[in-house]
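Structural characterization, general
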Amino acid sequence: MSALDCSTARRDLLDAVRGRLAPDEQRRLEEHLAGCAECSALDQRERALDAALGRLPEHRAPAGLEGRLLASLSTSALSPVPASGALAAPTATERAQPPRRRTRAWAAAAATLAVSVAALVVALRAGSSSDMLVAEAVNDHLRVLYAQQPIEIESGGIHQVKPWFAGRLDFAPRLAFEGDADFSLAGGSVGYFIDRKAAVFVFKHRLHVITLFEFRADGLPWGDAGELKLGKLEARHSQLRGFQVISFRDGDLGYALVSDVDASALEQLAGRVASGL
Amino acid sequence: MPPQRALPQAASSGPRLSQTRPSWYPRPVARAPADATFAGRVLEHVHALHGFAFRLSRNAAEAEDLVQDAFTRALAAADQFRPGSNLRSWLFRILRNLYIDDRRRARRAPLSADGEAPEAPADAAAELLRGDIELDCLRRLIAEQIESALFALSDEARTVILLDLEGFSEPEVAEVMGCAPGTVKSRLARARAALRVQLAEYAR
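What you see is a predicted model, and the numbers here were worked out from it, not measured in a lab.

**Considering the overall build of chain A**
Counting its regular elements, chain A contains nine helices and eight strands. Classification of the 277 residues of chain A by burial places 47% in the buried group. Once local pairs closer than 6 in sequence are excluded, the contacts in chain A between residues at least 24 apart make up 59%. Accessible surface, chain A as shown: approximately 13000 Å² in total, 53% of it carbon and sulfur.

Set out below in structure tokens:
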């Protein structure tokens, strides 16, 4: 077997680090490096450069961006949709548009999604009154997902979010759970729950959004005590069109959690919320 | 496995659709997956796309715009995405093209040719000595210095380094950058050499 020359070895250095060499190529390179100080030094430099690049700061998308992306989907459906052809690839006309004003061309694509969301909302509106609470919770969750401004205050922690509600609500939110590694508090906003104002907290669980509504409980059809125990509280766990809803009341305040996460994850969060009340 | 019955057709020369279907069988038409599922799959890459956008544009506001535009464009062109192919490199390509379009439109810093950095000294001894110093420097650099050095590179050099760092294979890098796969290795080597020169500046 012929020995590797330096130029081939140097060409293969990075491929070796990336694990792209065949076993015999890898072996030949290692043999060469063992006997060639120059190539070995270059190998170390490649690895040191990789290590340095590995220290680059992360630039994760800001908390609100995902919400804005989703919001942009539904916004387009509310605006007039071009008559035809918008599903086509980027066109010359589109390219001629100024940057960051490309919203029109994809409106049709988004319309499919937004129309189904709209249909879902309408269907929920027509639901029976006993499940009004659940339907309302899902509706409002969808509004959070697709609202123009889903989050009015981005979270710097519960201690920043809670005071923000002062003067914006006719009750003081009692939520104390400040989020953790599993459920991070993304922010909050003021919303409506049926006929009353609500504190809306938005949690993130991996890629899922969980909305927690906190509102005055009086005068709402709470129905039977729920089958789900959250410490001393009893909660109802419902499912509606693929969404999980957990609702419970604690004294004069009511709570509803809505998400598309699996049931057990939502129950975990409900437990953490309830135990902090 | 039982041998497959030969179909009454010539051996197909084009891409094989299915072994059991004759050539006249209608090809499956890729349905536009412009739905919530597709949007969700795109959103799984939002952090990676944002990181790439930020390091391309070196600007937080522009990065967000790029991600938003890429999201928009991806959903609009969802019917062009071949199911089963690499969504991540497809999205990166869309974002990079948007960035280049924006650059051209704004007639900002023109896209320079890659590898504008001076060549490393040819003398082997000097190279080795320099290598030792450099190795030491490289290990002491902090994140901000590394990023500044990266930002000082040409768009092209920065792009190929970032894509390699993202774990893309050479063919994937070629797809994102729209270049021949055979040129990726040399582009990357030149870009990394240029980055080392920049880093040496910062480490001084």
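**Details of the packing of helix 2 (residues 46–57) of chain B against helix 3 (residues 60–76) of chain B**
Residue and element names in this part refer to chain B. Across the interface, helix 2 lies against helix 3 with an axial gap of 8 Å and an inter-helix angle of 135°. On the basis of the axis angle, helix 2 is oblique to helix 3. Like other packed secondary-structure pairs, helix 2 and helix 3 cross with a definite hand, here right-handed. Taken together, the residues of helix 3 that come into contact with helix 2 (itself represented by Val 46, Leu 49, His 50, Ala 53, Phe 54 and Ser 57) are Ala 60, Glu 62, Ala 63, Glu 64, Leu 66 and Val 67.

**Some points on the pairing of strand 8 (residues 253–259) of chain A**
Residue and element names in this part refer to chain A. Burial analysis of strand 8 places seven of its seven residues in the buried class, which makes it a mostly covered element. Side chains of strand 8 alternate between two faces, with Leu 253, Tyr 255, Leu 257 and Ser 259 and Gly 254, Ala 256 and Val 258 buried alike. One ladder, built from seven bridges, connects strand 7 (residues 243–250) with strand 8; its direction is antiparallel. What sits directly across from Ser 247, in strand 8, is Ala 256. Taking the residues that link successive antiparallel strands as the turn, the strand 7-strand 8 hairpin has two residues, and the phi of Gly 251 there is positive, at about 65°.

**Focus: the confidence of the model for chain A**
All names here are of chain A. Predicted confidence across chain A gives a mean pLDDT of 75, with 73% of residues reaching 70 or more. The weakest mean pLDDT in chain A belongs to helix 5 (residues 92–96) at 40; the strongest belongs to helix 2 (residues 23–35) at 94. Note on residues 75–109: pLDDT under 50 across the span, and 51 contacts to partners over four residues away in sequence or across chains. In this model residues 115–130 is a low-confidence stretch, pLDDT under 50, and it forms 18 contacts with partners more than four residues away in sequence or in other chains.

The rules behind these values
- Residues numbered from 1 in each chain as written.
- Chains lettered and ligands numbered in written order.
- Predicted model: local features only at pLDDT ≥ 70, side-chain atom pairs only at ≥ 80, totals over all residues.
- Heavy atoms only, no water.
- Helix = DSSP H or I, 4+ residues; strand = E, 2+ residues; numbered from the N terminus.
- Buried < 20%, exposed > 50% of the residue type's maximum accessible area, 1.4 Å probe, protein only.
- Contact = heavy atoms within 4.5 Å.
- Areas by Shrake-Rupley, 256 points an atom, 1.4 Å probe, with all protein chains shown as cover.
- Axes fitted to C-alpha atoms, helices over the stretch in contact; angles between N-to-C directions.
- Parallel < 35°, antiparallel > 145°, perpendicular 65-115°, else oblique.
- Left-handed = near helix turned anticlockwise from the far one by under 90°.
- Pairing = 2+ DSSP bridges.
- pLDDT = per-residue confidence, 0-100.

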